[in-house]
Amino acid sequence: MARPLRLVTEVQRLGTIVWVAAFLIVAISIGRLAYSALVTVPAGDDLRAGLLAYEDTQNAVLSTDSSLRAYLATRDPYFLDRANEMAPQIATAETTMVATLDMPEVFPHVLDLVAAQRQWQTGWVGELSGVPAEGVPAFLARGDVMLQNYRAASAVTRAAVLEEIATTDRSVRTLQRTLVVVTALIAVAALAVALRGRRRLLAHVVAPVDGLLASVRGIGEGRLEPPHPVDGSAELVALRDGLADMTVALARQREETSVQAERLQAQTDRLRTILIMTREIAGSLDIRHVVDSTVQAAVAVADGRVLLWLLEDDGAGLELVYDSDRGAAAPMEARCALGHGVVGRSARYGQISRGDPGVEEDAAVAVPLVVGARVIGVLECHDSPEGEVDGQRLSTVEMLATLSGSAIEASRLHAAAERLSQFDPLTQLANRRRLGADLASAVAAARAQASPMSVIMVDLDHFKELNDRYGHQQGDVVLQEVATTLRTAMRDGETAYRYGGEEFAILLPRGGPDDAEKLAERLRLRVETDFRRGDKQLVTASFGVAGLPEHAGDGEALLSEADRALYSAKNAGRNRVHRAE
């Protein structure tokens with residue numbers, strides 16, 4: 001029994017050495033990564049962030065100095081406004097610089113730089129307003145001295161930051177080289193010990209095992225005969241007995257394989273169905289196609305009637321969208337409340353639910369379509385003549401629900417995003433992007449039919465004053481009400497758009513300039529009437545009208561002419577309609 005003991009001891013010793021070496025290598029690697037992540041990288045990031053903040057501070061100071069000097073030379077308020085705009089940037093950059101450059105070797109220079117900057121701000125920038133014209137030269141000279149002091153402190157600070165960055169990088173490189181050398185030495189030592197152990201194991205194990213391998217090959221080729229007795233350690237004898245038992249078990253399993261093959265083939269067919277469905281819906285954002293493919297795949301798996309329910313927008317219930325027996329369901333044809341019935345329970349709790357015939361529920365299983373942590377719908381699979389939908393078939397339906405849920409949600413989100421991209425969220429009117437597409441189509445149709453069309457541009461008068469007086473929230477309410485006024489006044493074929501800000505556009509694809517001018521006047525009176533509060537007029541509107549082909553030959557020119565007419569109306573006193581000339 002000495003040989004089995006020696007073999008076990010050798011294996012344990014080899015395993016311990018390899019484990020210790022692997023542990024040391026992993027520990028060194030983790031320590032190196034942790035040190036880099038917790039010490040060197042944050043320090044380097046702070047230094048570089050501080051350097052960027054320093055650059056921002058210097059650029060803002062120089063820009064402020066240039067603007068103030070230009071102001072003193074020209075007395076143009078524009079340069080004074082430019083200088084005032086730099087003050088928040090200087091403060092923000094200075095705060096970032098002080099927060100990130102707190103290293104002992106750098107921070108004193110940072111404080112000197114901040115002090116020089118504050119002296120320049122208080123001793124020169126702050127006294128700008130009180131400088132008379134005759135004192136400008138002396139004031140500029142004093143500013144030159146203070147700015148020179150600031151530049152000197154800035155140069156010292158920058159040099160200190162760059163030196164600290166270089167020092168940090170050198171220390172990191174030195175540490176990395178040291179750790180690489182130590183790791184390599186440990187790996188070489190572990191490899192040498194492992195090779196020695198390998199030679200010993202080959203000598204003690206390989207020869208006796210050769211005989212057993214011949215038996216194993218025979219078993220692998222289908223000859224289920226017990227192996228011949230072997231001479232060797234107790235472990236090898238036990239291995240031979242195990243091989244003998246295995247041949248008996250394999251013979252028994254061979255008989256069961258044919259039955260398992262049929263089950264596996266059925267499962268493979270179901271998975272192939274899911275794969276085909278996945279390929280079909282992977283690149284599709286058409287929700288009808290995704291829903292149809294999902295139901296057809298579920299029918300192929302469950303071999304019975306399948307209904308697809310989707311969660312309503314308000315989340316209060318589910319709506320039937322597809323029935324495998326009848327096809328797509330009409331809107332609001334059938335509805336299911338959350339928590340009621342097999343479908344409602346599955347949707348509320350996000351779990352598979354089975355119908356209870358004892359309470360007059362259909363013999364069906366409901367599988368939720370879960371995206372993230374949210375249920376967006378339910379697959380209702382009725383039992384087939386073969387029995388309940390369970391086991392592998394139910395697992396496959398679950399997989400199908402997971403894949404189709406994401407595809408359905410993606411197609412619904414795409415449809416919502418497509419609408420958002422063409423409609424203004426505040427006024428619910430079509431936006432400028434939609435106007436461009438509709439205008440191009442209208443122009444093409446007008447040319448093809450040789451018929452007139454028109455565009456009206458609308459701008460609310462004194463809207464900025466309304467915002468300033470009542471606030472932007474009230475301004476948004478006014479925009480919404482104006483949009484409602486425009487929308488309700490439109491006839492079939494006429495469309496209102498939010499062009500931008502307080503500007504709107506109206507497209508008349510089948511009306512000439514006369515029709516557009518009448519509509520504009522009617523809208524002007526509506527706005528004037530709807531937004532009068534007693535003796536106060538909240539807002540009025542100016543209108544510009546242009547028609548095709550009378551005023552322009554294409555869509556862009558038509559908008560330009562209508563816009564020019566609009567500004568003519570505003571320049572003439574506002575609250576009026578002007579027609580392009």
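The structure presented is a predicted model; accordingly, all values stated were derived computationally and were not measured.

**Thoughts on the overall build of the protein chain**
Thinking step 1. Summing up its helical and strand segments, the protein chain has 13 helices and 14 strands in all.
Thinking step 2. Burial statistics for the protein chain: of 581 residues in total, 38% are counted as buried.
Thinking step 3. Taking as baseline every contact in the protein chain between residues at least 6 positions apart, the subset at least 24 positions apart corresponds to 61%.
Thinking step 4. As displayed, the protein chain offers around 31,700 Å² of accessible surface, 57% of which is attributable to carbon and sulfur atoms.

**Side note on the nonpolar core**
Thinking step 1. Core analysis: the largest hydrophobic core is formed by 32 residues, its most contacted members being L72, M97, L101 and W124.
Thinking step 2. Contributions of two or more residues to this core are made by α1 (2-74), α2 (77-100), α3 (107-125) and α4 (136-220).
Thinking step 3. Considering each element in turn, this core owes the most residues, nine residues, to α1.
Thinking step 4. Among residues more than four places away in sequence, those in contact with W124 are D65, L68, R69, L72, Q119, F139, L140, R142, G143 and M146.
Thinking step 5. Counting 28 residues, the second-largest nonpolar core is a separate cluster that includes V458, L519, F531 and A541.

**Quick notes on the packing of aromatic side chains**
Thinking step 1. Applying the stated criterion across every chain yields a total of one aromatic pair.
Thinking step 2. Ring geometry for Y78 against F79: centres 5.4 Å apart, planes inclined by 70°, an arrangement best described as edge-to-face.
Thinking step 3. On the basis of relative accessibility, which here comes to 45%, the residue Y78 falls in the partly exposed class.
Thinking step 4. For F79, a relative accessible area of 25% puts it in the partly exposed group.

**Brief notes about the confidence of the model for the protein chain**
Predicted coordinates in areas of low pLDDT are best not read in detail.
Thinking step 1. The pLDDT averaged across the protein chain works out to 80; a share of 84% of its residues lies at or above 70.
Thinking step 2. Scored below 50 in pLDDT, residues 1-5 makes seven contacts in the model with residues more than four places away or belonging to other chains.

**Some words on unusual backbone geometry**
It is generally the case that most residues other than glycine have a negative phi and that most peptide bonds are trans.
Thinking step 1. Cis geometry marks the peptide bond from L548 to P549; its omega dihedral reads 10°.
Thinking step 2. Inspection of the secondary structure puts P549 in the loop between β13 (540-548) and α13 (555-571).
Thinking step 3. Phi is positive for A450, which is not a glycine, with a value near 55°.
Thinking step 4. Positive phi, normally seen in glycine, also occurs at N575, with a value near 55°.
Thinking step 5. Structurally, the position occupied by N575 is in the loop between α13 and β14 (577-579).

**Here's the deal with the environment of S454**
Thinking step 1. Within the secondary structure, S454 is located in strand β8 (residues 453-461).
Thinking step 2. In this structure the C-alpha to C-alpha distance between S454 and A516, which are 62 residues apart in sequence, comes to 6.3 Å.
Thinking step 3. A distance of 2.7 Å separates the side chain of S454 from the backbone oxygen of G511, its partner in a polar contact.

**Here we look at the sheet that holds β13**
Thinking step 1. Strand order across the open sheet formed by five strands is β9-β10-β8-β13-β14, with mixed pairing between neighbours. Each edge of the open sheet is held by one strand with a lone partner, namely β9 (495-500) and β14. Strand after strand, the sheet turns through a mean of 20° between neighbouring axes, direction not considered.
Thinking step 2. Here β8 runs beside β13; their pairing, made up of nine bridges, is antiparallel. Of the residues in β13, the one forming a bridge with V455 is A546.
Thinking step 3. Lying over the sheet, α13 contacts β8, β9, β10 (503-508), β13 and β14, oriented at roughly 145° with respect to β13.

**Points about the pairing of strand β6 (residues 364-371)**
Thinking step 1. Counting buried positions along β6 yields six of eight residues, so the element is predominantly enclosed.
Thinking step 2. Bridge analysis of strand β5 (residues 353-354) against β6 gives two bridges, and the strand direction is antiparallel. The residue of β6 that forms the bridge with S353 is A366.
Thinking step 3. What sits between the antiparallel neighbours β6 and strand β7 (residues 374-382) is a turn of two residues, in which G372 has the positive phi angle 70°.

**Focus: the side chain of T57**
Thinking step 1. Secondary-structure assignment places T57 in helix α1.
Thinking step 2. Beyond its immediate stretch of four places on either side in the chain, T57 contacts I90, A93, E94, M97, Q117 and Y150.

**Remarks on the packing of α2 against α3**
Each packed pair of helices is defined by two parameters, the angle between the axes and the distance between the axes.
Thinking step 1. Between α2 and α3, the least distance of the axes is 10 Å, while the angle of their chain directions is 160°. Viewed along their axes, α2 and α3 adopt a mutual orientation that is roughly antiparallel. When you trace α2 past α3, the crossing you get is left-handed. Only F107, V110, L113, V114, Q117, R118 and Q121 of α3 make contact with α2, whose side of the interface consists of I90, E94, M97 and V98.

**Looking at the packing of helix α11 (residues 472-489) against helix α12 (residues 513-530)**
Thinking step 1. It is the contact of α11 with α12, at a shortest axis distance of 10 Å, that shows an interaxial angle of 140°. When the axes of α11 and α12 are compared, the pair comes out oblique. Judged by the sense of rotation from one axis to the other, the crossing of α11 with α12 is right-handed. Side by side, α11 and α12 meet where T485, L486, T488 and A489 of the first sit next to L519, R522, L523, R526, V527 and D530 of the second.
Thinking step 2. In the contact of α11 with α12, the residues fall into five nonpolar, two polar and three charged.

**Considerations on helix α10 (residues 463-470)**
Each α-helix turn comprises 3.6 residues. Residues three or four places apart therefore point the same way.
Thinking step 1. For α10, the full list of buried residues reads F463, L466 and N467. Viewed end-on, α10 has its buried residues packed into an arc of 100°, placing them on one side of the element. Exposed residues on α10 whose side chains face more than 90 degrees from its buried face are K464, E465, D468 and R469.
Thinking step 2. Of the surrounding elements, those touching the buried residues of α10 are β8 and α11.
Thinking step 3. Downstream of α10 by one or two residues, G471 has phi in the positive range, about 100°.

**What to know about the environment of A446**
Thinking step 1. As for its position among the elements, A446 is in helix α9 (residues 432-449).
Thinking step 2. Residues A446 and R510, 64 residues apart in the sequence, show an inter-C-alpha distance of 7.8 Å.
Thinking step 3. Look past the residues within four positions of A446 in its chain and what remains in contact with it is S451, M453 and L548.

**Some details on the pattern of salt bridges**
Thinking step 1. Going through the model one piece at a time under the given rule, you end up with 22 salt bridges.
Thinking step 2. For R498, the salt bridge is made with D424, and the minimal N-O distance between the two is 3.2 Å. Of this pair, R498 sits in strand β9 while D424 sits in the loop between α8 (391-420) and α9, and the two are 74 residues apart along the sequence.
Thinking step 3. By relative accessible area, R498 is classed as buried at 15%.
Thinking step 4. Owing to a relative accessible area of 11%, D424 belongs among the buried residues under this scheme.
Thinking step 5. Through salt bridges that share partners, R305, D323, D325 and R326 make up one connected network.

Scoring rules and cut-offs
- Residues numbered from 1 in each chain as written.
- Predicted model: local features only at pLDDT ≥ 70, side-chain atom pairs only at ≥ 80, totals over all residues.
- Heavy atoms only, no water.
- Helix = DSSP H or I, 4+ residues; strand = E, 2+ residues; numbered from the N terminus.
- Buried < 20%, exposed > 50% of the residue type's maximum accessible area, 1.4 Å probe, protein only.
- Contact = heavy atoms within 4.5 Å.
- Areas by Shrake-Rupley, 256 points an atom, 1.4 Å probe, with all protein chains shown as cover.
- Core = buried A, V, L, I, M, F, W, Y, C linked by side-chain atoms within 4.5 Å.
- Phe/Tyr/Trp six-rings, centres within 6.5 Å; stacked < 30°, edge-to-face > 60°.
- pLDDT = per-residue confidence, 0-100.
- Polar contact = N/O pair within 3.5 Å; in protein donor to acceptor, adjacent residues only side chain to side chain.
- Pairing = 2+ DSSP bridges.
- Axes fitted to C-alpha atoms, helices over the stretch in contact; angles between N-to-C directions.
- Parallel < 35°, antiparallel > 145°, perpendicular 65-115°, else oblique.
- Left-handed = near helix turned anticlockwise from the far one by under 90°.
- Nonpolar A, V, L, I, M, F, W, Y, C, P; charged D, E, K, R; others polar.
- Arc of directions from axis to C-beta.
- Salt bridge = Lys/Arg side-chain N within 4 Å of Asp/Glu carboxyl O.

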